[in-house]
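Inside the fold
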Amino acid sequence: MIHLAVNIDHVATVRNARGGSHPDPIEAAKQSIHAGAVGIVCHLREDRRHIRDADVYALRRELNTKLDLEMAAHEEIIRIAEDVKPELVTIVPEKREELTTEGGLNIAADPSRYAELVQRMHALGIEVSFFIEPDSRQIETAQKIGADIIELHTGTYADAKGADAQIALESLILGGSIAVDHGLKVTAGHGLDYHNITPIKAIPGLVEVSIGHALISRALFTGIPRAVKDMIDMLV
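Residues numbered from 1 in each chain as written. Predicted model: local features only at pLDDT ≥ 70, side-chain atom pairs only at ≥ 80, totals over all residues. Heavy atoms only, no water.

Quick look at empty space enclosed by the protein
Which entries qualify depends on this criterion: Space inside and on the surface of the protein is sampled on a 1 Å grid over the protein atoms alone, with a cavity defined as a set of points where a 1.4 Å probe fits but cannot get out and a pocket as an open set with protein on both sides within 12 Å along at least 5 of 7 lines; lining residues have an atom within 4 Å of a point. Grid points are joined across faces, edges and corners, and a volume is the space filled by probe spheres set on the points. By definition, any uninterrupted DSSP run of H or I lasting at least four residues is a helix, any uninterrupted run of E lasting at least two residues is a strand, and each is numbered from the N terminus. Residue classes follow a fixed rule: Ala, Val, Leu, Ile, Met, Phe, Trp, Tyr, Cys and Pro count as nonpolar, while Asp, Glu, Lys and Arg count as charged, and any other residue, Gly among them, counts as polar.
One pass over the structure, following the stated rule, counts one cavity of 30 Å³ or more. When its volume is computed, the largest cavity comes out at roughly 70 Å³. Taken together, Asp-68, Leu-88, Thr-90, Ser-129, Ile-149, Glu-151, Thr-187, Ala-188, Glu-208, Val-209 and Ser-210 form the lining of the largest cavity. Those elements that provide at least two residues to the lining of the largest cavity are strand S4 (88-91), strand S6 (149-153), strand S7 (185-189) and strand S8 (206-211). Of all the elements, S8 adds the most residues to the lining of the largest cavity, at three residues. Taken together, the residues that form the lining of the largest cavity break down as four nonpolar, four polar and three charged.

Brief notes about helix H6 (residues 136-144)
Note the cut-off: Classification of residues uses two cut-offs on accessible area relative to the type maximum, computed with a 1.4 Å probe and protein chains only: under 20% is buried, over 50% is exposed, and between them is partly exposed. Throughout, the arc means that of the directions going from the helix axis to the C-beta atoms. Should any heavy atoms of two residues lie within 4.5 Å, those residues are considered in contact. Here a polar contact means two N or O atoms within 3.5 Å. Within protein one must be a hydrogen donor candidate and the other an acceptor candidate, and residues neighboring in sequence count only if both atoms are side-chain atoms.
Every buried residue of H6 is accounted for by Gln-138, Ile-139, Thr-141 and Ala-142. Projected down its long axis, H6 carries its buried residues within an arc of 160°, all on one side. Opposite its buried face, H6 presents the exposed residues Arg-137 and Lys-144, each directed more than 90 degrees away. Packing partners of the buried residues in H6 comprise helix H5 (111-122), strand S5 (127-132), S6 and helix H8 (162-181). Of the residues that open H6, the one with a side-chain oxygen 3.0 Å from the backbone nitrogen of Arg-137 is Asp-135. Immediately beyond the C-terminal end of H6, within one or two residues, lies Gly-146, with a positive phi of roughly 95°.

Below is the structure:
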């Protein structure tokens, strides 16, 4: 079975639209775990557009489950990760002007920088994942610098139609195979929803998917427990 980690960023987006404390991302996280999710994902962006520092600390304090802190390799955010000590950090690219993460991180362009980050996290018992394209050079670099996991960027697949979607899926399948050959755990995320999730189960070694926007969108109509359970049923 492929596990589900729920990204709660957009619960915070709705909260922040009006200020105050509702809806509460921490309550969303608790309901997700109770419904069967194996962990919670949140992205602490440099501009704090949704998840805030206090949310990350509250998640660590109130949840006895896997916390995956998505983050860019900015020193301020790295120090917060070192303080919070999530089970996992997922290193992603980040631009202030983007609406959402655009593409995978190019770790092969500066492997020494990311190797140092891996060492800092491992010193605290924190696993490290890199959000990358299904590209052999990126995957091999992840293995060389000591990553524990790679998260394959599925956005190209999610956005594609017809034959293009099949080509993108085949690229993900090849990327998963390369990662397994290099001893890396494989996860996937970005743009996955209730309509496109089933084919990605063919990715070799895939152990977990991270889903946020589609799940929270469905939860507006069904509630979080039903939205989580519906997705888990599709991952069996």
